[in-house]
Amino acid sequence: MSVTIVGRRLVLKGLSVLASVGAVALITPGAASATPVKKDGQIPSSRSANGWPIEPEANTKGTVWRREIIGSGTFVDIKLGPVEVVMMHALRRYHYEVAPIRSDEVIGFRHAVHADAGYETNHASGTAVDVRPDFYPKGTQGGYSKNQMETIRSILDDCEGVIEWGGDWNDPDEAHFQIAVQPGSAELHRVSEKIQGWKDAPSKGAGTPPWAQNQTRN
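Keep in mind that this is a model prediction, so the values were computed, not measured. (Residues numbered from 1 in each chain as written. Predicted model: local features only at pLDDT ≥ 70, side-chain atom pairs only at ≥ 80, totals over all residues. Heavy atoms only, no water.)

Chemist: Explain unusual backbone geometry to me, please; I cannot follow it from the model alone.
Modeler: Glycine aside, a negative phi is what most residues show, and trans is what most peptide bonds show. With a phi close to 60 degrees, N59 is a non-glycine residue in the positive phi region. Of note, N59 is situated in the loop between α1 (3-27) and β1 (64-69). The phi dihedral of E160 is positive, around 50 degrees, even though this residue is not glycine. Secondary-structure assignment places E160 in the loop between α3 (146-159) and β5 (163-165). The exposure class assigned to E160 is partly exposed, which follows from its relative accessible area of 33%. (Helix = DSSP H or I, 4+ residues; strand = E, 2+ residues; numbered from the N terminus. Buried < 20%, exposed > 50% of the residue type's maximum accessible area, 1.4 Å probe, protein only.)

What follows is the structure, encoded as structure tokens:
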């Protein structure tokens, strides 16, 4: 056998080994699980900033569906279950006690298309709403009167930290309300059950006259 043939066989064997190593690398856990590459600006994560699963669409086969803010004639796309109970309570109280919410003044679900969108990605999981954003532009404060602020604080107290208000941030967004706990949160379930109990009892749900609230919410 000539040296040329032996050398050729060694080269081919080396290439075969390299190809096998490459194939193993493709299926080895972690080898191909680096951060997904953004495509057309789409966010690569499957979860929003507050930890909830992002939905591709609302009102299809997922868990985000259109619900009415009772008494307002206005609808919003929101995540079903405990999130819906708590958020819709907050929205209904807002409508009755802070300012009426019109059909074009509330934003629930919307797609988050940028990886650096931060808290705005929470809309894509159906766990955030913007209420009257044209009245309360991002970065500004003082849009609410003293009485309105007291009511917002009362609404947040109802929700016991489960809902976070953007007006409390260093870079404020007074139109923004979002779920502040993780999926499966025991606190979220407890608060939603409490609010559901108010809905089922006379004179205890959202829409109760302000003068009666302290007497009925206990």
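Once you've had a look at it, read on.
Chemist: I tried to follow the sheet that holds β5 on my own but got confused; where do I start?
Modeler: On the basis of which strands lie adjacent, the open sheet formed by four strands has the order β3-β4-β6-β5 and antiparallel pairing. Edge positions in the open sheet fall to β3 (106-107) and β5, since each of these has one partner strand only. Bridge count between β5 and strand β6 (residues 176-179): three bridges; the pairing is antiparallel. Among the inter-strand pairings, I163 is bridged to a residue of β6, identified as I179. Sitting on the sheet, α3 is in contact with β5 and β6, with an inclination near 155 degrees to β5. (Pairing = 2+ DSSP bridges. Contact = heavy atoms within 4.5 Å. Axes fitted to C-alpha atoms, helices over the stretch in contact; angles between N-to-C directions.)

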